[in-house]
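Architecture at a glance
Here's the letter readout for the chains.
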Amino acid sequence: MTQTIINDDKIISTIKENDKNYILSLLAENGKIYTLSTFASLLDKRAYFTINKEGELKRKDNNLIVPFFAYCNDNELLAQTILEKSDLKERNKISKINRFSNIDEEKLKENFLKTLTNGGLEFSLKYGKELFLRSKDEFFKTALFFSLMGELKSLKSLVVLGFKKLMSNQEYNENLLYLVISFLTKYRDNFYFYEVAETAEKNFDIKEFLESNKNILNSKEGLGALSSLVAIKELEANKQEKFIQKINNELTSLKKLTPLNSTEEYLLTFFL
């Protein structure tokens, strides 16, 4: 199938004019991945929190456009989500990502994890692209490992799982890789519960705990826990127990829950 080549002016006018029918035609003719990739430059964020002169912090919503496209097959909802989430003020030209073809795979994995953890977007993109093109399996294991280190409400595991689902029958897409790694590096995270986690308690069942605590289940932390459980199964057995204990510690220490927005409520249904 020949895919439509769309210039920047058409992308911008589609959002300005709220042209849902045009996005629906793109979805019908070219599919989800191409359509999402086309609008990627309007779906990124420069930062995920702001601070005013009084020192008050305000977080922006997590960027869940990738998992939404992965799990949703309703073109009407997908087109509407493109219109709602695209932000002309945040428009960001996505440049070609260079490769590190002279680095061995073990060093690539190490450097990819380090740059994700340090929040280094430029080099995370380069190491991530190279690792993805050499071994998708190792790319996703590394990205999921990193995503599991952070707090549940970041929903980073959900974003990586969504990307993995979209890429299951796709060789590579640079714009979607950019969206995912941009979110992973720019969303400031908290590694405390990972740092203090040790051996998992054998009698702690996370799903059972959530079923018994519906208020937590139906929160951003609950969605984060359920998607993290799926992500943990992608890792080697010897790496799983520490993450189970990390989730245990975090869930049982919660003092305040983060409510779900409509997108998160929709995505929760796929993990129950």
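Use the structure listed above.
Here's what I pulled together on the structure shown here. The structure displayed is predicted, hence computed values, not measured ones. (Residues numbered from 1 in each chain as written. Predicted model: local features only at pLDDT ≥ 70, side-chain atom pairs only at ≥ 80, totals over all residues. Heavy atoms only, no water.)

Some thoughts on helix α7 (residues 121-134)
Over its 14 residues, α7 extends 20 Å from the first C-alpha to the last, a length consistent with the 20 Å expected when each residue adds 1.5 Å. Among the 14 residues of α7, ten are classified as buried, and the element is accordingly described as predominantly covered. Turning to α7, the residues buried within the fold contact α6 (105-118), α8 (136-149), α9 (156-166) and α10 (174-186). (Helix = DSSP H or I, 4+ residues; strand = E, 2+ residues; numbered from the N terminus. Expected span 1.5 Å × (residues − 1). Buried < 20%, exposed > 50% of the residue type's maximum accessible area, 1.4 Å probe, protein only. Contact = heavy atoms within 4.5 Å.)

Considerations on the nonpolar core
Leu36, Phe139, Phe163, Leu166, Leu210 and Leu251 are the most contacted members of the largest nonpolar core, which has 88 residues in total. Residues contacting leucine 166, with those up to four places away along its chain left out, are Ile33, Leu36, Val66, Phe69, Ala70 and Leu176. (Core = buried A, V, L, I, M, F, W, Y, C linked by side-chain atoms within 4.5 Å.)

Re empty space enclosed by the protein
Tallied over the full model, the rule gives one cavity of 30 Å³ or more. In this structure, the largest cavity occupies an estimated 40 Å³ of space. Every residue lining the largest cavity is listed: Ser147, Leu148, Gly150, Glu151, Leu152, Ser154, Leu155, Lys156, Ser157, Gly224, Ser228 and Lys246. Its residues placed into classes, the lining of the largest cavity shows three nonpolar, six polar and three charged. (1 Å grid on protein atoms, 1.4 Å probe; cavity = no way out; pocket = protein on both sides within 12 Å on 5 of 7 lines; lining within 4 Å. Points joined across faces, edges and corners; volume = space filled by probe spheres on them. Nonpolar A, V, L, I, M, F, W, Y, C, P; charged D, E, K, R; others polar.)

So, the environment of leucine 272
Topologically, leucine 272 is positioned in the segment after α16 (262-268). In this structure the C-alpha to C-alpha distance between leucine 272 and glutamate 211, which are 61 residues apart in sequence, comes to 9.6 Å. For leucine 272, the contacting residues outside a window of four places in its chain are Leu217 and Leu226.

Quick notes on unusual backbone geometry
Although it is not a glycine, asparagine 18 sits at a positive phi angle of roughly 55°. By the element assignment, asparagine 18 lies in the loop between α1 (8-16) and α2 (20-30). Phi at leucine 155 takes a positive value of approximately 60°, unusual for a residue other than glycine. By the secondary structure assignment, leucine 155 is in the loop between α8 and α9.

Geometric descriptors of this kind do not, in isolation, establish any biological role.
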